[in-house]
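# Examining the three-dimensional arrangement
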Amino acid sequence: MSVRRARKTRRTRGAWVALACAVGLTAALPATAEAARQQQEQYTAKQVSRFLTHFYGKTGPTAWEREHLVSDDLKARAAEAPPGFDLIICHGNRPDDIDIGPVTTAQSAGVGWATVHLGFGPGQETTAFTAYVDLDTAQPLKLLDVNCAPPES
């Protein structure tokens, strides 16, 4: 076989390999895109953890966060809470420290939650409650609900 013919054969073979790869990749793209789309439909536990950590900060949410990052239903319930009780932090006093526990997500229910631990200084009371977040990525992350009953250990 001449050098010229060998080069042409390699180029032709290379073109066929490139075409086969492109067709294979194109066929795989819809499945990959669908998986990515499904993953993008719900927030992850890591995203929820970051949100709750930022939202509660070290001593509780700011007025802006309460206005813009809390569901309307929870805001309405918080407005009806007894005087002196802050439903968003499930306590009447401002804590010295807030820690967010591990986040659990129920993808089928579209909800994520974590235990929020409130500390009121060395040797003082500590308490905990559960905060819930909607996982639907069609909306920005918001505090959906709280359960002020201490979580079961």
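Structural data are supplied above this passage.
Parameters and conventions
- One numbering rule holds for all chains: residues counted from 1, following each sequence as written.
- Per-residue local features of the predicted model are confined to residues with pLDDT of at least 70, and side-chain atom pairs are confined, for both listing and counting, to 80 or more; whole-chain, interface and lining totals are unaffected and use all residues.
- Heavy atoms from the whole structure form the basis of all side-chain values; hydrogens and water molecules are not counted.
- The term salt bridge refers to a side-chain nitrogen of Lys or Arg lying within 4 Å of a carboxyl oxygen of Asp or Glu.
- Each helix is a run of DSSP H or I of at least 4 residues and each strand a run of E of at least 2, with the numbering of both proceeding from the N terminus.
- The rule is simple: take the accessible area with a 1.4 Å probe, protein chains only, and divide by the maximum for that residue type; under 20% is buried, over 50% is exposed, in between is partly exposed.
- Strands were regarded as paired on the criterion that DSSP finds at least two bridges between them.
- Axis lines are fitted to C-alpha atoms, over the contacting stretch for helices. Their N-to-C directions set the angle, which ranges from 0 to 180 degrees.
- For our purposes a nonpolar core is just a set of buried Ala, Val, Leu, Ile, Met, Phe, Trp, Tyr and Cys residues, chained together by side-chain atoms within 4.5 Å.
- A pair of cysteine sulfur atoms is labelled a disulfide when the two atoms are within 2.5 Å.
- In summary, the pairing rule links any two rings of Phe, Tyr or Trp, Trp by its six-membered ring, whose centres are within 6.5 Å, and it sorts them by plane angle into stacked for under 30 degrees, edge-to-face for over 60 and tilted for everything else.
- In this scheme, a helix's expected span is set at 1.5 Å multiplied by one less than its residue total.

Applying the stated rule across the entire model yields six salt bridges. For Arg66, the salt bridge identified is with Asp86, shortest N-O distance 2.6 Å. Placement of the pair is Arg66 in helix 3 (residues 63–68) and Asp86 in the loop between helix 4 (72–79) and strand 1 (97–106), with a sequence separation of 20 residues. Residue Arg77 pairs with Asp145 through a salt bridge whose shortest N-O separation is 2.5 Å. Taken together, the residues span a long stretch of sequence, with Arg77 in helix 4 and Asp145 in strand 4 (residues 143–147) at a distance of 68 residues. Under the relative-accessibility criterion, Asp145 is labelled partly exposed at 27%.

Further remarks concern the sheet that holds strand 4. Taken together, four strands build an open sheet; the order of strands is 1-2-3-4 and the sheet is antiparallel. One side of each edge strand has no neighbouring strand; the edge strands of this open sheet are strand 1 and strand 4. With strand direction ignored, the average angle separating the axes of adjacent strands in the sheet is 25°. Relative to strand 4, strand 3 (residues 126–134) is paired through four bridges, and the arrangement is antiparallel. The partner of Tyr132 across the bridge, within strand 4, is Asp145.

On to the nonpolar core, then. Ranked by internal contacts, the top residues of the largest apolar core, which has 27 residues, are Val48, Leu52, Phe55, Tyr56, Phe129, Leu143 and Val146. Listing elements by their share of this core, those giving two or more residues are helix 2 (45–56), strand 1, strand 2 (111–119), strand 3 and strand 4. Of the residues forming this core, the biggest block, five residues, is contributed by helix 2.

On to the state of the cysteines. All told, the structure shown has one disulfide when counted by the stated rule. Each disulfide pairs two cysteine sulfurs, and for Cys90 the partner residue is Cys148, the sulfurs being separated by 2.0 Å. On the sign convention where negative is left-handed, the bridge of Cys90 and Cys148, at about -75° about the S-S bond, is left-handed. With Cys90 in the loop between helix 4 and strand 1 and Cys148 in the segment after strand 4, this pair connects stretches of sequence that are 58 residues apart. By relative accessible area, which is 9% here, Cys90 ends up buried. In this structure Cys148 comes out as partly exposed when scored by relative accessible area, which is 30%.

It is worth spelling out the packing of aromatic side chains at this point. Tallied over the entire structure, the rule returns four aromatic pairs. Judged by centre distance (5.7 Å) and plane angle (25°), the ring pair of Phe51 and Phe55 falls under stacked. Residue Phe51 and its partner Phe55 are both found in helix 2; the two are separated by four residues, about one turn of the helix. Under the relative-accessibility criterion, Phe51 is labelled buried at 9%. Aromatic side chains Trp113 and Tyr132 sit 6.3 Å apart centroid to centroid with 45° between the ring planes, which places their arrangement in the tilted category. Of this pair, Trp113 sits in strand 2 while Tyr132 is found in strand 3, placing the two residues 19 residues apart along the sequence.

The end-to-end C-alpha distance of helix 2 is 16 Å, a good match for the 16 Å that 12 residues give at a rise of 1.5 Å each. Downstream of helix 2 by a residue or two, Gly57 has a phi angle that is positive, lying close to 55°.

Don't take any of this as a statement about function, it's just geometry.
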